[in-house]
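Letter by letter, the chains look like this.
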Amino acid sequence: MTEQTSAAHDGSMKRPTWIIATIAGIFGLLYAYAVWSGISQLVQSVQAASASGLALNAMGWLVWILAILLPILLFALAVSIGHSRGLRTLTVLLLVGLSIVAIFWLDVMAYTSVNTSSLLG
């Protein structure tokens with residue numbers, strides 16, 4: 001009885017895999033939305049640039065590829081760190097990662113709307 005109580009306080013009790021998968025899956029949908037939005041914006045930028053006879057330069061590609069890759073990398077990092085540390089820690093790590101993605105997305109949208117000409121070549 002004492003070992004179980006101390007294990008529960010240490011957080012070393014084995015968590016059911018389905019709970020971890022459910023939490024990661026719910027957050028995964030939000031991260032996937034961020035990836036999908038990045039892909040959508042990249043396609044729209046390429047179409048708008050080609051309609052005006054231009055193309056995205058290296059900076060334009062870098063900005064949109066980072067907007068696509070950052071959510072994937074942060075989700076993988078949060079799950080890999082948090083899956084063995086407990087449900088609360090996993091949830092907090094996924095929420096912090098999603099917050100970073102949201103902040104980065106706002107920065108990308110602000111940069112691309114103000115400096116559109118610097119992204120075209």
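Let us look at the structure shown here. (Residues numbered from 1 in each chain as written. Predicted model: local features only at pLDDT ≥ 70, side-chain atom pairs only at ≥ 80, totals over all residues. Heavy atoms only, no water.)

Points about the packing of helix α2 (residues 17–51) against helix α4 (residues 87–114)
Going by this rule: The convention used is that axes are lines fitted to C-alpha atoms, helices contributing only their stretch in contact, and that angles between N-to-C directions extend from 0 to 180 degrees. Counting from the N terminus, the helices are the DSSP runs of H or I reaching at least four residues and the strands are the DSSP runs of E reaching at least two. In this scheme, roughly parallel covers angles under 35 degrees and roughly antiparallel covers those over 145, while 65 to 115 is roughly perpendicular and the rest are oblique. Residues are treated as being in contact if the distance between any of their heavy atoms lies within 4.5 Å. Residues are sorted three ways: Asp, Glu, Lys and Arg are charged, Ala, Val, Leu, Ile, Met, Phe, Trp, Tyr, Cys and Pro are nonpolar, and all the rest, Gly among them, are polar.
The N-to-C vectors of α2 and α4 enclose an angle of 10°; their axes lie 10 Å apart at closest approach. Looking at the two axes, α2 sits roughly parallel to α4. Within the contact between the two elements, α2 uses Ile19, Ile20, Ile23, Ala24, Phe27, Leu30, Tyr31, Ala34, Ser37, Gly38 and Gln41 and α4 uses Leu87, Leu90, Thr91, Leu93, Leu94, Leu95, Gly97, Leu98, Val101, Trp105 and Met109. Across the contact of α2 with α4, the residue classes tally to 17 nonpolar, 5 polar and no charged.

Concerning the environment of valine 96
Selection criterion: Relative accessibility decides the category of a residue: with a 1.4 Å probe and only protein chains considered, values under 20% of the type maximum give buried, values over 50% give exposed, and everything between is partly exposed.
Topologically, valine 96 is positioned in helix α4. The partly exposed category is assigned to valine 96, whose relative accessible area is 43%. The spacing of valine 96 and phenylalanine 75 is 21 residues in sequence and 10.0 Å in space, taken between C-alpha atoms.

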